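Structure assessment
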Amino acid sequence: MKTLEFLLLGKNEAILAILLRLVNADENWNGVSFNNEKEAQEYFLNHKIDIVLLSSAIENHVEKEFTSFCIKHQPDVEVIEHFGGGSGLLKSEILHRLHLKGKL
């Protein structure tokens, strides 16, 4: 299986750190995290990303703008809002989305 590349964006540092740890715990997943959308956009432009995880404390307009930006520049990217729950829920959300899109 190909390694999936993740970009995580959130404003709550503690939650972002947990999400990053959970993503990188899977041997087929590789994640980087940002708490600043401009830095995340710069990284996104220079790397092929499979999944964007939007975490907590992002303003609604920033979430919409960032999602539009990602889809404009990499139309096949999956943008998933994840605001809580344990590692099982996160993995289930991701696998479910990939299954629905025929990427699994």
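Residues numbered from 1 in each chain as written. Predicted model: local features only at pLDDT ≥ 70, side-chain atom pairs only at ≥ 80, totals over all residues. Heavy atoms only, no water.

**Observations concerning the overall build of the chain**
Along its length, the chain carries 4 helices and 4 strands. When its helices and strands are written in sequence order, the chain yields β-α-β-α-β-α-β-α. Against the 2.2 N^0.38 benchmark of 13 Å for 104 residues, the chain shows a C-alpha radius of gyration of 13 Å, consistent with a compact globule. C-alpha atoms of the chain, sized along the principal axes, occupy 30 × 30 × 20 Å. Across the 104 residues in the chain, those meeting the buried criterion constitute 40%. Here the contacts in the chain between residues at least 6 apart in sequence split such that 70% fall between residues at least 24 apart. Working note: accessible area of the chain is about 5900 Å², and carbon and sulfur atoms make up 52% of it. In the chain, 11 side chains carry a positive charge and 15 a negative one; their mean positions are 4 Å apart. (Helix = DSSP H or I, 4+ residues; strand = E, 2+ residues; numbered from the N terminus. Rg over C-alpha atoms; globule rule 2.2 N^0.38 Å. Buried < 20%, exposed > 50% of the residue type's maximum accessible area, 1.4 Å probe, protein only. Contact = heavy atoms within 4.5 Å. Areas by Shrake-Rupley, 256 points an atom, 1.4 Å probe, with all protein chains shown as cover. Lys, Arg positive; Asp, Glu negative; His and termini not counted. Charge placed at Lys NZ, Arg CZ, Asp CG, Glu CD.)

**Digging into the packing of aromatic side chains**
Applying the stated criterion across every chain yields a total of 4 aromatic pairs. Ring centres of Phe6 and Trp29 lie 5.0 Å apart, and the angle between their planes is 45°; this geometry places the pair in the tilted category. Separated by 23 residues along the polypeptide, Phe6 in strand E1 (residues 4–9) and Trp29 in strand E2 (residues 29–34) bring together distant segments of the chain. Exposure remark for Phe6: the relative accessible area of 1% places this residue in the buried category. A residue is classified by how much of its surface remains accessible, and Trp29, at 7% relative accessible area, is buried. (Phe/Tyr/Trp six-rings, centres within 6.5 Å; stacked < 30°, edge-to-face > 60°.)

**Looking at the nonpolar core**
Within the largest apolar cluster, 15 residues are counted, with the highest numbers of intra-cluster contacts made by Leu7, Leu9, Phe44, Val52, Phe66 and Cys70. When residues of this core are assigned to their parent elements, the largest contribution, 4 residues, is made by helix H3 (residues 60–73). Residues within four places of Cys70 in sequence aside, it is in contact with Phe44, Val52, Pro75, Val77 and Val79. Residues Trp29, Ile51, Leu90 and Ile94 belong to the second largest nonpolar core, which totals 14 residues. (Core = buried A, V, L, I, M, F, W, Y, C linked by side-chain atoms within 4.5 Å.)

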